[in-house]
Amino acid sequence: MLEDKFGRRFHYLRLSITDVCNFSCDYCLPDGYACDTDRDFLALSEIKTLVNGFASLGTSKVRITGGEPSLRKDLPEIIKACSSASGIEHVAMTSNGYKLDTDIEKWVDAGLDSLNISIDSLDPRMFAAITGHNKLETILLGIDKAIALGVKVKVNAVLMKQYNEKELKNFLTWLKTTPVTLRLIELMQTGDNVTFFNQNHVSGMPIKEQLLESGWEQLIRDKTAGPAQEFFHPDYQGKIGLIMPYSKDFCATCNRLRISATGKLHLCLFADQGLDIRPALQSTDSSQLQAQLIELLGDKEATHWLQDGFTGATKHLAMLGG
Ligand code: SAM
Ligand code: SF4
């Protein structure tokens with residue numbers, strides 16, 4: 001098992017397979033994807049070695065992310081490579097939902113069992129204003145399809161003062177009858193979004209208090225759970241998760257490592273550099289990769305320094321997948 005010097009265990013791999021995205025979310029890529037260099041993204045064969053290497057060291061869950069992962073034509077093969085690796089029990093993906101409605105069956109056939117879909121507003125006009133795409137309706141239809149196919153669905157919504165601070169009411173009404181977990185994510189500062197962050201960051205703490213006052217109860221976290229705080233209510237089919245990276249002890253429950261689309265290991269979402277592991281992916285034998293991962297994990301720090309405005313090398317989260 002991969003374990004760092006603070007006793008944290010890493011059974012969860014976040015694998016970015018592209019940093020290209022077709023949306024232009026205000027907090028992430030407000031001017032859209034900048035195609036400024038040719039990116040040489042990890043090939044399927046490299047992904048197989050990577051996932052097998054992580055699985056041999058105790059990783060049991062892979063989340064495929066991006067950029068927008070559904071823009072890769074070989075996505076079903078990538079999902080299959082993850083789901084068929086010995087030791088991998090769960091394959092999840094984070095997506096903007098652009099291809100959900102048309103492609104979900106293929107993803108499920110390949111072994112996908114859970115999905116996080118980003119929806120920052122249930123108001124179609126506001127959704128279009130934030131993302132640059134008038135796609136809310138088809139994304140919601142895609143979510144219904146995914147639920148019907150037995151996929152565990154979470155919906156990611158970034159908390160922003162300017163847009164959706166007052167949206168909670170709409171989301172709560174939706175959760176009464178929709179069996180998804182809504183993840184309310186505090187806006188994080190990145191290298192590129194400092195002005196937007198200063199104008200829009202709101203803390204999740206008042207929402208936590210509001211939920212507790214209105215009968216929501218906090219779920220007891222199991223030992224392997226990540227940093228989200230989760231809540232349920234007997235009158236609601238859906239649940240709520242709060243992700244508050246600026247809160248005290250957020251990093252104490254860190255259970256994940258990240259790989260960028262070009263094969264760099266990021267020990268933290270806000271690390272000051274990615275560590276190149278790509279040469280170790282050129283063989284089908286993952287033993288060199290395993291030795292390198294164990295060595296590099298020795299440098300993982302106890303916490304990020306986001307509260308001090310230090311965002312490391314992360315210009316925007318499309319680089320690494322959040
Ligand atoms: N394109 C996919 C999507 O949007 O779901 C996957 C990649 S996206 C970077 C992953 C998640 O990060 C999304 O839920 C997005 O809303 C969130 N995200 C992006 N930038 C963020 C920021 N600055 N603060 C908080 N969450 C952010
Ligand atoms: Fe694209 Fe996701 Fe970033 Fe939105 S949050 S611009 S969908 S990568």
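Quick summary incoming for the structure in this document. From a predicted model like this one, the values you see are computed outputs, not experimental measurements. All residue numbers refer to positions counted from 1 along the written sequence of the respective chain. Labels follow written order: the first chain is A, the first ligand is 1, and so on. Local features are withheld for residues below a pLDDT of 70 in this predicted model, meaning they are given only at 70 or higher, and side-chain atom pairs are given and counted only at 80 or more; totals for whole chains, interfaces and linings count all residues. Neither water nor hydrogens contribute to the side-chain values; these are computed over all heavy atoms in the structure.

### Considerations on the site of ligand 2
- Throughout, near means a residue has at least one heavy atom within 4 Å of the molecule or strand. Taken together, C21, F23, C25, Y27, C28, G67, N96 and A318 make up the full set of residues adjacent to ligand 2.
- Its residues assigned to classes, the shell around ligand 2 shows six nonpolar, two polar and no charged. Put simply, Ala, Val, Leu, Ile, Met, Phe, Trp, Tyr, Cys and Pro go in the nonpolar bin, Asp, Glu, Lys and Arg in the charged bin, and everything else, Gly too, in the polar bin.

### Overview of helix α5 (residues 136-148)
- The secondary structure listing takes helices from DSSP runs of H or I that are at least 4 residues long and strands from runs of E that are at least 2 residues long, numbered from the N terminus. One fewer than the residue count of a helix, multiplied by 1.5 Å, yields its expected span. For α5, spanning 13 residues, the distance from its first C-alpha to its last is 19 Å, which sits close to the expected 18 Å at 1.5 Å a residue.
- Throughout this description, buried means an accessible area under 20% of the type-specific maximum (1.4 Å probe, protein chains only), exposed means over 50%, and partly exposed covers the range between. The set of residues buried in α5 consists of L136, I139, G142, I143 and A146. With its buried residues spanning 115 degrees around the axis, α5 presents them on a single face. Opposite the packed face of α5, turned more than 90 degrees from it, sit the exposed residues E137 and A148. Here the arc refers to the directions that run from the helix axis out to each C-beta atom.

### Structural notes on the pairing of strand β4 (residues 114-118)
- Taken across its five residues, β4 has four buried, putting it largely inside the fold.
- Paired strands are those between which DSSP finds at least two bridges. Sheet analysis places strand β3 (residues 90-95) next to β4, joined by four bridges and oriented parallel. By the bridge assignment for β4, M93 is matched with L115.
- Between β3 and its parallel partner β4, the chain crosses via helix α3 (residues 100-110), and the hand of that crossover is right-handed.
- Both β4 and strand β5 (residues 152-159) contribute to a ladder of five bridges, which runs parallel. If you follow S118 over to β5, its bridge partner there is N156. A crossover counts as right-handed when, viewed with the strands pointing away from the observer, the path leading from the first strand over the helix to the second turns clockwise.

### Structural notes on the packing of α3 against α5
- Taken N-terminus to C-terminus, the directions of α3 and α5 make an angle of 25 degrees; their axes are 8 Å apart at the nearest point. Between α3 and α5, the crossing angle belongs to the class labelled roughly parallel. Our pair here, α3 against α5, has a crossing hand that is right-handed. Residues L100, D101, I104 and E105 of α3 lie in contact with α5, whose contacting residues are T138, I139, L141, G142, I143, K145 and A146. Fitted lines through C-alpha atoms serve as axes, helices being fitted only where they are in contact, and the angles separating the N-to-C directions of these axes extend from 0 to 180 degrees. An angle below 35 degrees is treated as roughly parallel, one above 145 as roughly antiparallel, one from 65 to 115 as roughly perpendicular, and anything else as oblique. Crossings are classed by handedness, with left-handed meaning an anticlockwise turn of the near helix from the far one by less than a right angle and right-handed meaning a clockwise turn. Contact criterion: two residues are considered in contact whenever any of their non-hydrogen atoms come within 4.5 Å of each other.

### Thoughts on the nonpolar core
- Of all hydrophobic cores here, the largest spans 85 residues; its most connected members are L15, L50, I64, L115 and L265.
- Once residues within four sequence positions are removed from consideration, L50 is found in contact with L13, L15, L42, I259, I277, L281 and L289.
- In this text, buried Ala, Val, Leu, Ile, Met, Phe, Trp, Tyr and Cys residues form a nonpolar core when linked through side-chain atoms within 4.5 Å. M188, A228, L269 and L320 belong to the second-largest nonpolar core, a separate cluster that totals 12 residues.

### Some thoughts on the site of ligand 1
- Contacts to ligand 1 come from 20 residues, most closely from Y27, G67, S118, N156 and M188.
- Note that a nitrogen atom of ligand 1 is positioned 2.9 Å from one of the backbone N or O atoms of M188.
- Counted as a polar contact is a pair of N or O atoms within 3.5 Å, where, for protein atoms, one must be capable of donating a hydrogen and the other of accepting one, and residues adjacent in sequence contribute only when both atoms are in side chains. Contact between ligand 1 and N193: a nitrogen atom at 3.5 Å from a side-chain N or O atom of the residue.
- Reported accessibility uses the Shrake-Rupley method at a 1.4 Å probe radius. Residues are deemed covered only where the shown protein chains occlude them. Protein chains shield 95% of the accessible area of ligand 1, which is 540 Å² for the free molecule.
- For the shell around ligand 1, the elements supplying multiple residues, two or more each, are β3, β5 and β6 (181-186).
- Among the residues making up the shell around ligand 1, the classes are represented as eight nonpolar, 10 polar and two charged.

### Topic: the packing of helix α1 (residues 44-56) against helix α2 (residues 75-83)
- Two elements in contact, α1 and α2, have axes whose closest approach is 9 Å; the angle formed by their N-to-C orientations is 20 degrees. Regarding the angle of α1 to α2, the classification is roughly parallel. When the axes of α1 and α2 are compared, the crossing they make is right-handed. Contacts from L44, I47, K48 and V51 of α1 reach α2 at E77, I78, A81 and C82.
- Across the contact of α1 with α2, the residue classes break down as six nonpolar, no polar and two charged.

### Description of the packing of aromatic side chains
- When two rings of Phe, Tyr or Trp (its six-membered ring) have centres within 6.5 Å they constitute a pair, described as stacked for plane angles under 30 degrees, edge-to-face for angles over 60, and tilted for the intermediate range. Under the counting rule described, the total for this entry stands at three aromatic pairs.
- Residues F23 and Y98 carry aromatic rings whose centres are separated by 5.9 Å and whose planes lie at 90 degrees to one another, so their mutual orientation is edge-to-face. Here F23, found in the loop between β1 (12-16) and α1, pairs with Y98, found in the loop between β3 and α3; they are 75 residues apart in sequence, far enough to count as distant.
- Residue F23 is classed as buried on the basis of its relative accessible area, which comes to 3%.
- When the centroid spacing of 4.7 Å and the interplanar angle of 45 degrees are considered together, the rings of W216 and Y236 count as tilted. Placement of the pair is W216 in the loop between α8 (205-213) and β7 (217-218) and Y236 in the loop between β8 (229-232) and β9 (239-243), with a sequence separation of 20 residues.
- In this structure W216 comes out as buried when scored by relative accessible area, which is 3%.
- Classification of Y236 by relative accessible area gives buried; the value is 19%.
- Between K61 and the ring centre of Y12, over which it is positioned, the NZ or CZ distance is 4.6 Å. As a reminder, the over-ring test applies to NZ of lysine and CZ of arginine, requiring each to be within 6 Å of the ring centre and within 35 degrees of the ring normal.

These values are about where atoms sit, not about what they do.
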